[in-house]
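A look at the structure
Listed here are the chains, written in short residue letters.
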Amino acid sequence: MAIDYTALGKRISYFRGIKKLSQETMCDRLKLSREYISYIENGTRKPSIDTLVDIANVLGVSADDLLVDSLNHSSSTADSELHKLLLDCNDLEENILTRTAKELKSILYSFGI
């Protein structure tokens, strides 16, 4: 399957927004031009593998999370509602929700579900 560069660009833009990073800030960290990042986010330029990994590292996500739209087999949970919920949490909220989810999973397991 070919990489869907439009979807990749939208996902990069989405995670950049979640991290509240401007294109300028991200470009400074990556040492790339704002125009180049804009082209990537619009799907009109194809980042190298090295650039894709650098972008993932700056955004604090896995490359799998960025490529989930193009993968036939992904272990990423980036499209799940729970993942999207956790992205919008502060550390305390994330900790509480994670502990709650683990407890609920344990309860379901005890019922044989």
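Structural notes, computed from the coordinates.

Conventions used here
Residues numbered from 1 in each chain as written. Predicted model: local features only at pLDDT ≥ 70, side-chain atom pairs only at ≥ 80, totals over all residues. Heavy atoms only, no water. Helix = DSSP H or I, 4+ residues; strand = E, 2+ residues; numbered from the N terminus. Buried < 20%, exposed > 50% of the residue type's maximum accessible area, 1.4 Å probe, protein only. Contact = heavy atoms within 4.5 Å. Areas by Shrake-Rupley, 256 points an atom, 1.4 Å probe, with all protein chains shown as cover. Arc of directions from axis to C-beta. Core = buried A, V, L, I, M, F, W, Y, C linked by side-chain atoms within 4.5 Å.

Once that is clear, we can look at the overall build of the protein. What the protein contains, in helices and strands, is seven helices and zero strands. The order of helices and strands in the protein, counted from the N terminus, is α-α-α-α-α-α-α. Burial statistics for the protein: of 113 residues in total, 29% are counted as buried. Sequence separation of at least 24 residues holds for 51% of the intrachain contacts in the protein that already meet a minimum separation of 6. A total accessible area of about 7,700 Å² is found for the protein, and carbon and sulfur atoms account for 53% of it.

For helix H4 (residues 49-59), every residue scored as buried is listed here: Thr51, Leu52, Ile55, Ala56 and Leu59. With its buried residues spanning 140° around the axis, H4 presents them on a single face. When the buried face of H4 is taken as reference, the exposed residues oriented beyond 90 degrees from it are Ile49, Asp50 and Asn57. Against helix H1 (5-18), helix H2 (23-30), helix H3 (34-42) and helix H5 (63-67) lie the buried residues of H4. Looking one or two residues beyond H4, the residue adopting positive phi is glycine 60, at roughly 70°.

Quick look at unusual backbone geometry now. For residues other than glycine, phi is negative in most cases, and the peptide bonds are mostly trans. One non-glycine residue, lysine 20, adopts positive backbone phi at about 55°. Mapped onto the elements of the fold, lysine 20 is located in the loop between H1 and H2. Accessibility expressed as a relative area gives 73% for lysine 20, which makes it exposed. For lysine 31, which is not a glycine, the phi torsion comes out positive at approximately 60°. Mapping lysine 31 onto the fold places it in the loop between H2 and H3.

Turning our attention to the nonpolar core. One finds Ile12, Met26, Ile37, Ile55, Leu59 and Leu66 to be the most contacted residues of the largest nonpolar core, which totals 17 residues. Sorting the residues of this core by element identifies H1, H2, H3, H4 and H5 as the ones contributing at least two each. Here the element with the most residues in this core is H4; it accounts for four residues.

Function cannot be inferred from these measures alone, as they are strictly geometric.
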